[in-house]
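Here are the chains, one letter per residue:
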Amino acid sequence: MDNIVNQIGYAMSLREPQKEALQYLDAISSSCDYKRNTLDEIEAIATANCEDKHTIKVDDNFKFPSFCFDMATGIGKTRLMGAAIYYLYKTKGYKHFFILAPSNTIYDKLRKESNPAHPKYIFKGLEAEMGRPKVYDGENYVRYPARFVQGEIEIEKTSEIQLFIFNIGKIFNSKTDTTFKFHKYQETLGSSFADVLAKFDDLVICMDEAHRYYAPASMKAISYLKPILGLEFTATPKSHNNVIYSYDLAKGAGKYLKIPVVMGRTNTGGYSADDIEEMKIRDGLTLHEHRKAARFAEVACLGVLESGSGIRLSEFTLRGLDEFGKFLHFEFQNLKNLADAIECRCR
């Protein structure tokens, strides 16, 4: 079925690694039936058709085949997810896809990108081929058209793709062992929404930042839905046992990803940890400002539009963010908007 992969790749303008990843999924999927073959049989087929022909073994806590795409951040995992969903819809007829997000930030991002009007629409390029999928999420799932009739759940038959976008934290809380409304009886549905999903015979779980779901409680919550297939997307896989394709930072640097710049200092003796942290921030922001000025000069010369720039920071506590916002206000006046955003985040 390589032809369908080429069609999807052309329509969605997939990058080389995205198309390669889809080809490996195609090689496996075209050789098995996820509804009929046993897990052992599917693992054997995946072993013979994955990228480096290593033994594919799904985690024992998953009772369904689950394959991982190990893709460096920035390559386009969400776009690959959209391509994989459409591929399974066209080749297998699957219509129900449960997209799992690890946090509210990614959950909100995925909800926005499921709208065809969004510039990063998950199915961009396929609008004419597939129409508009129905999207249910944590805000509207109780309105899903399902009924409980004579002891059985009746589910609306559809020819369209249905996406269910949820945050793992709203499905199960591993810290408190709390069951959320997702698992509780809903009068509008005649059962819990989890039970509605478990009734589908074609449910595919798409796990964004998949390494976040390998805690026992998360795996239990996922397995309860009885999916026929899992697709994992991450830059840091928990295990390489089920990785069918890998495109890491080393492969993408300089081609699809910017090459990181490493800065260092040797004169840190006698400074406190807070002072050293401030030095790192100051050095990074100074380099950023120099690079931004150089880029502005370049785009002005070429007569093209400026694409904008960003700063990514990690490992800040809320208190640390607040202090950092004040530091930006004082030291870097032209970054005032960023400082305001950080202060709003702290409130």
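Residues numbered from 1 in each chain as written. Predicted model: local features only at pLDDT ≥ 70, side-chain atom pairs only at ≥ 80, totals over all residues. Heavy atoms only, no water.

(A) Layout of the overall build of the protein. A count of helical and extended segments in the protein gives twelve helices and eleven strands. Counting every position in the protein, which comprises 347 residues, the buried fraction comes to 43%. In the protein, of all internal contacts separated by at least 6 residues, the share reaching a separation of at least 24 is 71%. Carbon and sulfur atoms provide 50% of the accessible area of the protein, an area that totals close to 18800 Å². (Helix = DSSP H or I, 4+ residues; strand = E, 2+ residues; numbered from the N terminus. Buried < 20%, exposed > 50% of the residue type's maximum accessible area, 1.4 Å probe, protein only. Contact = heavy atoms within 4.5 Å. Areas by Shrake-Rupley, 256 points an atom, 1.4 Å probe, with all protein chains shown as cover.)

(B) Structural detail: the nonpolar core. Membership of the largest hydrophobic core comes to 55 residues, with the highest contact counts inside it found for Tyr-34 and Phe-69. With nine residues, the single largest contributor to this core is helix H4 (residues 77–92). Discounting residues that sit within four places of it in the chain, Phe-69 has contacts with Ala-21, Leu-25, Leu-80, Leu-231, Glu-232, Phe-233, Thr-234, Ile-244 and Tyr-245. Formed by 27 residues, the second largest nonpolar core is a distinct cluster that contains Phe-64, Leu-100, Leu-203 and Ala-210. (Core = buried A, V, L, I, M, F, W, Y, C linked by side-chain atoms within 4.5 Å.)

(C) Inspection of the pattern of salt bridges at higher detail. Counted under the stated rule, the structure contains eight salt bridges. Lys-35 serves as the salt-bridge partner of Asp-201, at 3.7 Å between the closest nitrogen and oxygen. Of this pair, Asp-201 sits in the loop between helix H7 (193–198) and strand S9 (203–208) while Lys-35 sits in the loop between helix H2 (16–29) and helix H3 (39–49); the two residues are 166 residues apart in sequence, bridging distant segments of the chain. On the accessibility criterion, Asp-201 (48% relative accessible area) is partly exposed. (Salt bridge = Lys/Arg side-chain N within 4 Å of Asp/Glu carboxyl O.)

By themselves, these observations are geometric and do not establish any function.
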